[in-house]
Each structure stands twice: as C-alpha cells, then as structure tokens.
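Secondary and tertiary structure notes
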Amino acid sequence: MNASPVAVPVADVAPSASTPTIGVLALQGDVREHVAALAHCGAEPVLVRRAAELDRVDALVLPGGESTTISKLLDVFDLLEPVRARLRDGLPAYGSCAGMILLASEVLDTRVDAEHLSGIDMTVRRNAFGRQVDSFETDLAFAGLDDGPVRAVFIRAPWVERAGPDVEVLATVPDGPAAGRIVAVRQGNVIATSFHPEVTGDLRVHRLFVDLVRAA
Ligand code: GLN
C-alpha cells in the first residue's frame, strides 16, 4: 500500500486561488500560444467564445491577432457587453498587441466601426510603428521583472500614445526611432503589452499576470 501523502485539508486550500481559471478569448488570433503559456504558469486555461464561458473564468487574456476582426466577432458572439461588464466589475485581464488595442479607452488609426473595451484609461495607436519597422524584436526592461530584460516581439504593433493618471508604465522602447514609446502598461488588475511574450518562451509576463490573478 502506498503511504498516503501528508494531505493539506481541502478546506484550507482555495483551488481557484492556487490554480486560477483563466479564459483566453478564442475568436481569432494566437490563442494556442497563450493557452500554452498560461498552462506552464500553473493556471487552468479555458477557451472563451460565449458569455456562459466568460462567466466561469477568474481572468481573461485577449490575444494578438487583428483587433478589428476580434472587435467584430465580439459583437457577433454577443460578448461585447458581457466582457465590458466583467471588466467594470474588476475582472483581471491581459491583452497582447491586438488585445492591448481592445483594452484601450480610445484607439487611433482604426476603423470607425471598431469597438473597444475600455479596460485601461489609455489612447492606443494601431499599427503605430509604421511600415519601415512594422515587425521587429528588441530587449527591454519591464517594471517588476528584475531578472534581466524581456525579449519583445512586435508584429504590426500598437503603442500607447496617452496613459491616464492611474496607469502605470511597465515598459518603453529603449532605442531607435520609437525610443521612449510606451509598450506595456498596467491599471489595477489589467495589463497590456504591445508585444507578444506568448511567442518567445519567456514566461515572465504571463507569470506576473497569473500571480496578479491569484492575488486578486
Ligand atoms: N495590427 C494588429 C491590429 O490592429 C495587431 C497585430 C498583432 O496583434 N500582432 O489589431
């Protein structure tokens, strides 16, 4: 017979606190990469395509992709108001690239009919880096991540043109023509990055988010 493990009484452990259920908005974009990163960080990732699925998550990731398409699909799938309502109620959220655009309170250079979610008080410019450098990689310092710079992959990325008074700037472009541009922010339990940590294998940004969800 196997020795029984020294059991922590079930009642002392809130399973949702140790293994938060984190939804990944799965309408379009690099959903699988976020699912894999979240699973590696000890969260339980679930796909969110309808309001009933949104209801059971502790947090939501908005992936990279095409913000105007995701915006349209949020409307088609009747998720626009449910996601806005949960964000207003304090749902922790993380958006990368197109996800950052969707979390903005104002978006420049987008379609007039594109919707956004106002999860962070910020103005975001879509495709901000322009044609010459529309995709590039760089190493950047990220507030709260002390063990070295983060490898940031930018793909037709936005930047934050205005960050509201309650928004903490987590990272800026270190050099080059876009030096100083804001590319990672946090307001309360909502974070956004212009770049895609989900494609680099560096899990620190996702780990930061999962820790934030656990603490929420
Ligand atoms: N340019 C895209 C948009 O406007 C974002 C690109 C990305 O998510 N990699 O939504």
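Criteria and cut-off values
Residues numbered from 1 in each chain as written. Predicted model: local features only at pLDDT ≥ 70, side-chain atom pairs only at ≥ 80, totals over all residues. Heavy atoms only, no water. Helix = DSSP H or I, 4+ residues; strand = E, 2+ residues; numbered from the N terminus. Buried < 20%, exposed > 50% of the residue type's maximum accessible area, 1.4 Å probe, protein only. Contact = heavy atoms within 4.5 Å. Areas by Shrake-Rupley, 256 points an atom, 1.4 Å probe, with all protein chains shown as cover. Lys, Arg positive; Asp, Glu negative; His and termini not counted. Charge placed at Lys NZ, Arg CZ, Asp CG, Glu CD. Near = heavy atom within 4 Å. Polar contact = N/O pair within 3.5 Å; in protein donor to acceptor, adjacent residues only side chain to side chain. pLDDT = per-residue confidence, 0-100. Pairing = 2+ DSSP bridges. Right-handed = clockwise from strand over helix to strand, strands pointing away. Disulfide = S-S within 2.5 Å. UniProt positions renumbered as here; feature names shortened; annotations may be inferred.

1. Details of the overall build of the protein
Tallying secondary structure elements over the protein gives seven helices and twelve strands in all. Taking all 216 residues of the protein together, 47% fall into the buried category. Look at the contacts in the protein between residues 6 or more apart in sequence, and 64% of them connect residues 24 or more apart. Counting only carbon and sulfur atoms, one obtains 50% of the accessible surface of the protein, whose full area is about 10,400 Å². Side chains of the protein carry 20 positive and 29 negative charges; the gap between the two charge centres is 4 Å.

2. Notes on the site of the ligand
Lining the immediate surroundings of the ligand are Gly64, Gly65, Glu66, Ser67, Cys97, Ala98, Ile101, Arg126, Asn127, Ile155, Arg156 and His196. Between an oxygen atom of the ligand and a side-chain N or O atom of Arg126, the distance comes to 2.5 Å. In this structure, Asn127 approaches the ligand through a side-chain N or O atom, which is 2.6 Å from a nitrogen atom. In isolation the ligand exposes 300 Å². Once the protein is present, 94% of that is buried.

3. Quick look at the confidence of the model for the protein
Parts of the prediction with low pLDDT should not have their coordinates interpreted in detail. In this model, the protein carries a mean pLDDT of 92, and residues with pLDDT of at least 70 account for 92%. Under a pLDDT of 50 for its full length, residues 1-17 has, in the predicted model, four contacts with residues more than four places off or in other chains.

4. Thoughts on the pairing of strand β2 (residues 44-48)
The side chains of a regular strand alternate between the sheet's two faces. With five bridges connecting them, strand β1 (residues 21-25) and β2 associate as parallel partners. Of the residues in β2, the one forming a bridge with Val24 is Leu47. Once you follow β1 into helix α2 (residues 31-40) and on to β2, the crossover reads as right-handed.

5. So, the state of the cysteines
Here, disulfide denotes a covalent bond that connects the sulfur atoms of two cysteines. Applying the stated criterion across every chain yields a total of zero disulfides. Cysteine Cys41 remains unbridged, with the sulfur of Cys97 as its closest cysteine sulfur at 20 Å.

6. Here we look at the UniProt feature "binding site: L-glutamine" (unreviewed entry) in the protein
Look at the UniProt record and you will see "binding site: L-glutamine" (unreviewed entry) annotated at Gly65, Glu66, Ser67, Arg126, Ile155 and Arg156. Despite a sequence span of 92 residues, these residues sit close together in the fold, their greatest C-alpha distance being 12.7 Å. When you line up the elements, Ile155 lands in strand β8 (residues 145-155). By relative accessible area, Ile155 is classed as partly exposed at 42%. By the element assignment, Arg156 lies in the loop between β8 and β9 (159-163). In this view, Arg156 contacts Cys97, Asn127, Asp134 and Ser135; residues no more than four positions away in its chain are not counted.

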